[in-house]
Amino acid sequence: ELKVEQNPLFLSMQEGKNYTIYCNYSTTSDRLYWYRQDPGKSLESLFVLLSNGAVKQEGRLMASLDTKARLSTLHITAAVHDLSATYFCAVDMNTNAGKSTFGDGTTLTVKP
Amino acid sequence: GAVVSQHPSWVICKSGTSVKIECRSLDFQATTMFWYRQFPKQSLMLMATSNEGSKATYEQGVEKDKFLINHASLTLSTLTVTSAHPEDSSFYICSASLLRGFSPLHFGNGTRLTVT
């Protein structure tokens, strides 16, 4: 059974600071996704990471994937209030592509 | 592109009634769609995989007779919550993928179901 663990689950940070969210998963996979969810809303795709060493950046967010360590990181640079949301990583099993298992989510609050 | 439309956005119903939720892929064909359930401040729980033209595949612990899924066309999947009870109150989200396993899931806007 594929397990996906995120940490921290809750993160409160000051504007302008940097921080990293971690996503560990339990079985071999080379498909990892990061999503954002605003309160009361559905999920929005942020990044798709499909190979070992993949790095994607969009604005103040950068995601990376280490398939050997079964670890992905989502790095936040110089946080701003608009980044406040819940971030989920999700992993597909190689044998069941398209059927994603989600982490518990990291709720980020950026304070002025 | 890759827009998934879900309807209704919210619904309030009385115990014992049934509620149908629609999920449509507007600009692509989705042979597979997924239905998730999310409780407040929790992650998404996969309920079932909806396959066009065949029976849905349900996750362990999900009652297939209670959560009826129909995927009659390449652009429409429906989830019917039958004989709803207050414990069925939740946020239900559908999703679809353009290229199975190589693209992210595109989510509908979700349906907030409240059973009174």
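These remarks concern the structure in this document. Treat the numbers as computed from the prediction; the structure is a model and nothing was measured.

Calculation notes
Residues numbered from 1 in each chain as written. Chains lettered and ligands numbered in written order. Predicted model: local features only at pLDDT ≥ 70, side-chain atom pairs only at ≥ 80, totals over all residues. Heavy atoms only, no water. Pairing = 2+ DSSP bridges. Helix = DSSP H or I, 4+ residues; strand = E, 2+ residues; numbered from the N terminus. Axes fitted to C-alpha atoms, helices over the stretch in contact; angles between N-to-C directions. Buried < 20%, exposed > 50% of the residue type's maximum accessible area, 1.4 Å probe, protein only. Contact = heavy atoms within 4.5 Å. Disulfide = S-S within 2.5 Å.

1. Focus: the sheet that holds strand 3 (residues 19-25) of chain A
Residue and element names in this part refer to chain A. The strand order across the open sheet formed by five strands is 1-3-8-7-6, and the pairing between neighbours is antiparallel. A single partner strand is all that each edge strand has here, and the edge strands are strand 1 (4-7) and strand 6 (55-58). This sheet shows a mean twist of 15 degrees between the axes of neighbouring strands, independent of strand direction. Examined bridge by bridge, strand 3 and strand 8 (residues 71-76) share six bridges and lie antiparallel to one another. By the bridge assignment, Asn24 is partnered in strand 8 with Leu71.

2. Regarding the environment of B:Met33
Residue and element names in this part refer to chain B. Among the structural elements, Met33 can be located in strand 4 (residues 32-38). Take Met33: its relative accessible area is 0%, and that puts it in the buried class. Sequence separation of Met33 and Ser83 is 50 residues, and the distance between their C-alpha atoms is 23 Å. The contact partners of Met33, leaving out residues within four places of it in the chain, are Cys23, Arg24, Ser25, Ala48, Thr49, Ser50, His71, Thr75, Leu76, Ser77, Ser95 and Ala96.

3. Quick word on the state of the cysteines
Counted under the stated rule, the structure contains two disulfides over all chains. The residue that forms a disulfide with A:Cys23 is A:Cys89, at a sulfur-sulfur distance of 2.0 Å. Between A:Cys23 and A:Cys89, the S-S dihedral sits near 80 degrees, and the bridge is therefore right-handed. Taken as a pair, A:Cys23 in strand 3 and A:Cys89 in strand 9 (residues 85-92) lie far apart in primary sequence, 66 residues in all. Residue class for A:Cys89 comes out buried when judged on its relative accessible area of 0%. One disulfide bridge connects B:Cys23 with B:Cys94, the sulfur atoms lying 2.0 Å from each other. Taking the torsion about the S-S bond as the criterion, the B:Cys23 to B:Cys94 disulfide, at about 80 degrees, is right-handed. Pair noted here: B:Cys23 is in strand 3 (residues 19-25) and B:Cys94 is in strand 9 (residues 90-97), with a separation of 71 residues, a long-range link. With relative accessibility at 0%, the residue B:Cys23 sits in the buried group.

Keep in mind that these numbers describe shape and distance, not what the molecule does.
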